[in-house]
Amino acid sequence: MTAVSIHDVSVHVKNATLLNGVSVDVAAGEWLSIIGPNGAGKSTLLRSIAGVLACTGTVEIDGTPIANLSPRQRAGLVSWVPQTPTIPMGMNVLDYVLLGRTPHLHPLSSPGKNDIDLARRVIDELDLTGLTDRLVETLSGGERQRVVIGRALVQESPVILLDEPTSALDLGHQQEVLQLLDRLRSTGGRTIISTMHDLTLAGQFADRLVLLAAGEIAAIGPASTVLTSELIETHYRASVNVTTVDGAVLVVPRIHQPDSSATKEP
Amino acid sequence: MNVRPAAARVTWLVGAAAFVIFACALALLIGPTSIDRTSILLEALDAVLPVEIDSGLNDRQASIVRTLRLPRVALGLLVGAALSTAGATFQGVFRNPLADPYLLGVAAGGGFGATIAFVYNLGDGRGFLDMVQIFAFIGALTAVGLTWTMGVLGDRTRSASSLILAGVAVASFFTAMQTYLQQANTDDIRQVYSWFLGGLNTSGWVEVTQLLPFVIVGVVVLVLASRSLDVLAVGDDEATMLGLSVGRTRIVLVVVASLLTASAVAVSGLISFVGLIIPHTVRLLFGSSYRIVVPLSVAVGAGFLVLCDLIARTALSPAELPIGVVTAFFGAPFFVVILRTAAAR
């Protein structure tokens, strides 16, 4: 079943074209990762799917065009983890995570016991238990990133959009967060669309990768077909070795050794 | 702070209520006529509570308590609550610490309206549906309406900054018209000047009953909606993705807060400082969540204005000091102390 259908989405700003005719269908329970060099349009595509950026073409979630949904209805279907979230001053971690319950609450009411229990559970799962009462602005970059992911998780939407969810995380927490998302996907049937810089991680967790270049889809498919040294060298202008270890595609930058015939110090 | 807002809120609200009761009692007890203190409080309780209490005061003394001191305290509570609640809301809606209830031109519009009424001798600002009050109210709402129209016309996204800029333009325009009118009619300059500094002049309970419905409805709506200010704190895009109709929420909150401010300005003139400083004081002392800031601002603003009015009418007795002078003279140093203490923590 198709959870998210993106059809002919383009974004034009003044004289620039940020996205040009992007179409892709994402199945329910699938993890789609958007990769591409800086300025390829990864965040733009994610923001178009989130509905916070005006675009042409259609984005449908569960068959309904998101343009026809109220913010509340849309927030019930899609949650969004922005790359650089706005951190409000003076708000503690629990209250911040509880903001994710907004689409489930009456506009004039406050979170109840069930909402708080759910938020605490998510906080535990994200290894933030000791930080529940800390102010979000006092957390480290990696802790903040997990708190923002927590806010999206308590939203309990079938589709989760994540813009560079692991950019500030250390190796252990990268693995933990991605495994948690993977679990939600496999057991809870959530659909995940993320942008990723780390190609190896993107390839390990996503079912399919979309390689964007200059606002257009350059390649789409499983890691083995998208993470090829030819495609990466063409679009990233990088020289890489691509190898496979235990079924995972590894992208390793090639370091140019200085020519041995070059002048040496006496 | 290691306390849940829900639990903390109850403790703090009880403390704030105690502060309000203390301010009211003090304001009732102090006045030019000396009356037995216990009897004053009993008389006030008799007036406020639905039970019969014999205070032992004679008719004249009872009348001083019931028709002079009590309504004045009540008006102080209502105006203080209105201005500080509106101020807290404006700061949240515009994510701007310098926002106050007069941000969108309420003061300039109200001032223009009141000046028209003074210049053409339509009223004196006291009593039931007095023309100064009505003109100030209409002027205030006209200015906010213009600000909103210009802000939205200039920017289809209804962003906060375009509204603030429109507010600056509208306020300057109304101030210019007001100043012109005032300079052309210098006979009324003293009345106009005194209105601009604000005051809680009452004629019995008339002003209180006029203001009461606005304050009850406005304060209840803004306290209930305070959580949406917390959601707005993450920015328009993220708030939208969290399910908040940002544009609609902003217009509802601005309309309610403006009505609240305009109704207070109509009866009390332009009392400065309360709407700016009280929410900040609450924030520095008790935390930044609007679910704490808004309800506590109601109480602290109410108690603060009652105390300021007490000083305004006793400092130069029998003459009265404009209350705006008191709010700034005592409020500013107090705020600096709080700011420094909070920074040192």
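J.: Any chance you could explain the overall build of chain A here in plain terms?
T.: A tally of helices and strands in chain A yields nine helices and twelve strands. Principal axes of the C-alpha set define a box for chain A whose edges measure 75 × 45 × 40 Å. Taken over 266 residues, chain A has a buried fraction of 41%. Sequence separation of 24 or more characterises 64% of the internal contacts of chain A that already satisfy a separation of 6 or more.

J.: What is the right way to read helix α2 (residues 37–48) of chain B from this model?
T.: All names here are of chain B. For α2, which comprises twelve residues, the first-to-last C-alpha distance of 17 Å matches the rise-based estimate of 16 Å (1.5 Å per residue) to within 8%. Ile40, Glu43 and Ala44 are the residues of α2 that are buried. Along α2, the residues classed as buried sweep out an arc of 100 degrees about the axis, all on the same side. Those residues of α2 that are exposed and aimed more than 90 degrees away from the buried face are Thr38 and Leu45.

J.: Teacher, can you tell me more about the interface of chain A and chain B here?
T.: It is common to report an interface's size as the accessible area lost on association of the parts. Every contact between the two is made by 24 residues of chain A and, on the other side, 25 residues of chain B. The residue makeup of the side of chain A that touches chain B, split by class, is 14 nonpolar, seven polar and three charged.

J.: When you look at the confidence of the model for chain B in this model, what are you seeing that I'm missing?
T.: Any residue range with low pLDDT should be treated as having predicted coordinates unsuitable for detailed reading. Residues and elements named next belong to chain B. Counting all residues, the mean pLDDT for chain B is 87, and 95% of those residues have values of 70 or more. Here helix α14 (residues 323–344) is the element of chain B with the lowest mean pLDDT, 81, and helix α13 (residues 290–314) is the one with the highest, 94. Scored as a whole, the predicted complex attains pTM 0.87, and scored at its interfaces, ipTM 0.88.

J.: Before we go on, may I ask you to explain the sheet that holds strand β1 (residues 2–13) of chain A in this structure?
T.: Picture the strands of a sheet paired through backbone hydrogen bonds; they go either parallel or antiparallel. All names here are of chain A. Pairing is antiparallel across the open sheet formed by four strands, whose spatial order is β2-β1-β4-β5. Two strands close off the open sheet at either side, each with one partner strand: β2 (16–27) and β5 (64–65). Both strand β4 (residues 56–61) and β5 contribute to a ladder of two bridges, which runs antiparallel. Bridging from a neighbouring strand, Ile61 pairs with Thr64 of β5.

J.: Could you clarify how one ought to interpret the packing of helix α12 (residues 274–286) of chain B against α13 of chain B in this entry?
T.: The relative placement of two packed helices comes down to the angle between their axes together with the axis-to-axis distance. All names here are of chain B. Contact pair α12 / α13: the axes reach a minimum separation of 9 Å and the direction vectors enclose 125 degrees. The pairing of α12 with α13 is recorded here as oblique in orientation. Pair α12 / α13 crosses with right-handed handedness. Along the contact surface, α12 presents Val274, Ile278, Pro279, Thr281, Val282, Arg283 and Phe286, while α13 presents Ile292, Val293, Leu296, Ser297, Val300, Gly301, Phe304 and Leu305. Of the residues assigned to the contact of α12 with α13, the class counts are eleven nonpolar, three polar and one charged.

J.: Looking at this model, I keep getting lost on the pairing of strand β7 (residues 159–163) of chain A. Mind explaining?
T.: A regular strand places its side chains on the two faces of the sheet in alternate fashion. Residue and element names in this part refer to chain A. Within β7, five of the five residues are buried, which leaves it mostly tucked inside the rest of the structure. For β7 and strand β8 (residues 191–195), the ladder comprises five bridges, and the chain directions are parallel. The partner of Leu162 across the bridge, within β8, is Ser194. Tracing the backbone out of β7, into helix α6 (residues 171–188) and back to the parallel element β8 gives a crossover that is right-handed.

J.: I would appreciate a short explanation of the sheet that holds β7 of chain A in the present structure.
T.: Residues and elements named next belong to chain A. Reading across the sheet, the six strands line up as β6-β7-β8-β3-β9-β10 and stay open at both edges, with mixed pairing between neighbours. Each edge of the sheet is formed by a strand with only one pairing partner; in this case those strands are β6 (78–81) and β10 (216–221). Taking each pair of neighbouring strands and ignoring which way they run, the sheet shows an average axis angle of 15 degrees. Bridge analysis of strand β3 (residues 31–35) against β8 gives four bridges, and the strand direction is parallel. Within β8, the residue paired with Leu32 across the bridge is Ile193.

J.: Looking at this structure, how should I read the environment of Glu216 of chain A?
T.: Within the fold, Glu216 of chain A resides in strand β10. Discounting residues that sit within four places of it in the chain, Glu216 of chain A has contacts with Asn20 and Gly21 of chain A.

J.: Mind showing me how you'd approach the nonpolar core here?
T.: The nonpolar side chains of a soluble globular protein tend to be buried, and buried together. Ranked by size, the top nonpolar core spans 183 residues in total, and within it Val97 and Leu161 of chain A together with Leu78 and Val306 of chain B carry the most contacts. Broken down by element, the residue count for this core peaks at 16 residues, all from α13 of chain B.

J.: I'm lost on helix α4 (residues 113–125) of chain A in this one. Help?
T.: An α-helical segment advances 3.6 residues per turn. Residues three or four places apart therefore align on the same side. Residue and element names in this part refer to chain A. In this model, α4 (13 residues) spans 18 Å end to end at C-alpha, consistent with the 18 Å of a helix rising 1.5 Å per residue. Three or more residues of α4 are buried, namely Ala119, Val122 and Ile123. Down the axis of α4, the sector holding all buried residues measures 105 degrees, keeping them to one side. Projecting away from the buried face of α4 at angles above 90 degrees are the exposed residues Lys113, Asn114, Asp117 and Asp124. Where α4 is buried, its residues contact α3 (93–98) and α5 (141–154). Looking one or two places after α4, you find Asp127, whose phi comes out positive at around 60 degrees.

J.: Would you take a moment to explain the pairing of strand β9 (residues 208–213) of chain A for this structure?
T.: All names here are of chain A. Pairing analysis gives four bridges linking β3 to β9, with the strands arranged parallel. Along β9, the bridge assignment pairs Ile35 with Leu211. The pairing of β9 with β10 spans five bridges and is antiparallel. Each residue of the ladder has a partner; that of Leu211, found in β10, is Ala219. Counted between consecutive antiparallel strands, the loop separating β9 from β10 contains two residues, among which Ala214 sits at a positive phi close to 50 degrees.

What counts and what doesn't
Residues numbered from 1 in each chain as written. Chains lettered and ligands numbered in written order. Predicted model: local features only at pLDDT ≥ 70, side-chain atom pairs only at ≥ 80, totals over all residues. Helix = DSSP H or I, 4+ residues; strand = E, 2+ residues; numbered from the N terminus. Buried ≥ 20, exposed ≤ 12 C-beta atoms within 10 Å, placed from the backbone. Contact = placed C-beta atoms within 7 Å. Expected span 1.5 Å × (residues − 1). Arc of directions from axis to C-beta. Nonpolar A, V, L, I, M, F, W, Y, C, P; charged D, E, K, R; others polar. pLDDT = per-residue confidence, 0-100. Pairing = 2+ DSSP bridges. Axes fitted to C-alpha atoms, helices over the stretch in contact; angles between N-to-C directions. Parallel < 35°, antiparallel > 145°, perpendicular 65-115°, else oblique. Left-handed = near helix turned anticlockwise from the far one by under 90°. Right-handed = clockwise from strand over helix to strand, strands pointing away. Core = buried A, V, L, I, M, F, W, Y, C linked by C-beta atoms within 7 Å.

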